[in-house]
Amino acid sequence: MTKPFTPQRRAALRTLAAGAAALALPAVRAQGAWPTAKPIRLVIGFAPGGASDVITRVVAKGLSAQIGQQVIVENKPGAESTLAAIDVMRSPPDGYSLLMGTNTAMVAVPSLRPNPPYDTFKAFTPLSSMGEFSMFLAVSPQLPSNNLKEFLDHVAANPNKYNSASSNSASELAMLQLLGTRGGKVVNARYKGDPPALNDMIGGQIHMMFSTGTLMPSMVKDGRLRALVTLLPQRSPLLPDVPTAAELGLGSLTITPWAGFFGPAGMPPELAERISRELRTTIERPDVREQMQAQGFSGYGMTPADFTAFVKRQHEGFNKTVKENNVKFD
């Protein structure tokens, strides 16, 4: 015989239903917990204080405000940022260890080294781009070059007479791509950073370089150097009078210094999409964009699929330029 639904029985059933829901809740949260479980590590392969570190901390602060969870920046400099990359590569793919990777660690190292420590597309989950660093062609006032055409024509007419400097693979390969449009040849010198290279350029030992730092614009403004072109997709507020490569008809130049976010391989697609969405929203925040621009950084996000395709194109561009110019990286 079925018992009648008395007020007491209805109350008991509600209590049982509530208890069942409470038991099921941890399982639901376990599936969609990010980012409630613990702070998020954002690992970067550069020392504190540089432009990369400053920009990463701007994004970390914005992301923390965006998702309501603490985002901790961990600096692991060394070995061309591979120490940071390997740290994240070996972490669980749960969204709590993310890498701010640049073209050096994520393209140059795995595609150009004889024994790379990882394959970017097998060891990591590309999440979103962060954007591109400023990259200007700086030349010594000693060169009779008031614009890019004069510069390229003069260098092409004087093969191996001038020296160029590079502090990373992107700047070296960008110079090779640019000079290759006119068949120009120079002698490249590798430096550990932009500041010593720029000092040598002012001193007359170096004649040209692609600089990615924020130090060079002040040298252009006071007349110690000239800037002839930027590889950013639009003019930089740091030097708004300097035209882009596209404006000058050099859209074929593909190598730029970029940064983006990666997780370990094996990250569930829905989690990667969620993190990517939060990162893209963070980059679009007015306060974040303003601080990025102050560092000469052009911020923009990409979906995981678009970012993966972008990184693959960068691999292809690096490899093509290296092969055409017989560049050797130790």
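Treat the numbers as computed from the prediction; the structure is a model and nothing was measured.

Undergrad: Sorry if this is basic, but what is going on with the sheet that holds strand 11 (residues 297–299) here?
TA: Hydrogen bonds along the backbone pair up the strands of a sheet, which may run parallel or antiparallel. Ordered by their spatial adjacency, six strands build an open sheet running 2-1-3-10-4-11, and the pairing between neighbours is mixed. In this open sheet, the two edge strands, each paired with only one partner strand, are strand 2 (71–75) and strand 11. Mean inter-strand twist for the sheet, computed between neighbouring axes without regard to direction, equals 30°. By the bridge criterion, seven bridges tie strand 4 (residues 124–133) to strand 10 (residues 258–264) in an arrangement that is antiparallel.

Undergrad: Mind showing me how you'd approach the pairing of strand 10 here?
TA: Along any regular strand the residues' side chains alternate between the sheet's two faces. Burial analysis of strand 10 places seven of its seven residues in the buried class, which makes it a mostly covered element. Pairing of strand 3 (residues 97–102) with strand 10, which is carried by four bridges, proceeds in the antiparallel orientation. The residue of strand 10 that forms the bridge with Thr102 is Ala259.

Undergrad: I'm lost on the confidence of the model for the protein chain in this one. Help?
TA: Atom-level detail of predicted coordinates should not be read off regions where pLDDT is low. For the protein chain, per-residue confidence averages 87 on the pLDDT scale, and 89% of positions sit at 70 or higher. A low-confidence stretch, residues 10–31 (pLDDT under 50), is modelled with two contacts involving residues beyond four sequence positions or located in other chains.

Undergrad: For this particular structure, what's the right way to read the environment of Ala227?
TA: You can see Ala227 is positioned in strand 9 (residues 226–230). Here Ala227 falls in the buried class, since its relative accessible area comes to 17%. For the pair Ala227 and Asn146, spaced 81 residues apart in sequence, the C-alpha to C-alpha distance is 9.2 Å.

Undergrad: Hey, could you run me through unusual backbone geometry in this one?
TA: Both trends apply: most residues other than glycine have a negative phi, and most peptide bonds are in trans. Unlike most non-glycine residues, Glu80 shows phi in positive territory, near 55°. One can find Glu80 in the loop between strand 2 and helix 3 (82–89).

Undergrad: What is the right way to look at the pattern of salt bridges in this model?
TA: It is possible for side chains of opposite charge to pair when their charged atoms get near one another. Here the structure, examined in full by the defined rule, presents 15 salt bridges. Between Lys149 and Asp153 there is a salt bridge, with the nearest N and O atoms lying 2.7 Å from each other. Of this pair, Lys149 and Asp153 both sit in helix 6 (residues 148–157), separated by four residues, roughly a single helical turn. Judged by relative accessible area, which is 53%, Lys149 ranks as exposed. For Asp153, a relative accessible area of 33% gives the class partly exposed. In this structure, the salt-bridge partner of Glu284 is Arg289, at a minimum N-O distance of 3.4 Å. Residues joined by salt bridges that share partners form a network here, namely Arg41, Glu74, Lys76 and Asp87.

Undergrad: Mind showing me how you'd approach the packing of aromatic side chains here?
TA: For any pair of aromatic rings, the description consists of the separation of the ring centres together with the inter-plane angle of the planes. This structure, assessed with the given rule, holds seven aromatic pairs. On the basis of an interplanar angle of 80° and a centroid distance of 4.9 Å, the ring pair of Phe133 and Phe297 is categorised as edge-to-face. Of this pair, Phe133 sits in strand 4 while Phe297 is found in strand 11, placing the two residues 164 residues apart along the sequence. For Phe297, a relative accessible area of 2% gives the class buried. Taking 5.5 Å as the distance between ring centres and 75° as the angle between the ring planes, the aromatic pair formed by Trp258 and Phe310 counts as edge-to-face. Of the two residues, Trp258 sits in strand 10 while Phe310 sits in helix 12 (residues 304–325), which places them 52 residues apart along the sequence.

Parameters at a glance
Residues numbered from 1 in each chain as written. Predicted model: local features only at pLDDT ≥ 70, side-chain atom pairs only at ≥ 80, totals over all residues. Heavy atoms only, no water. Pairing = 2+ DSSP bridges. Helix = DSSP H or I, 4+ residues; strand = E, 2+ residues; numbered from the N terminus. Axes fitted to C-alpha atoms, helices over the stretch in contact; angles between N-to-C directions. Buried < 20%, exposed > 50% of the residue type's maximum accessible area, 1.4 Å probe, protein only. pLDDT = per-residue confidence, 0-100. Contact = heavy atoms within 4.5 Å. Salt bridge = Lys/Arg side-chain N within 4 Å of Asp/Glu carboxyl O. Phe/Tyr/Trp six-rings, centres within 6.5 Å; stacked < 30°, edge-to-face > 60°.

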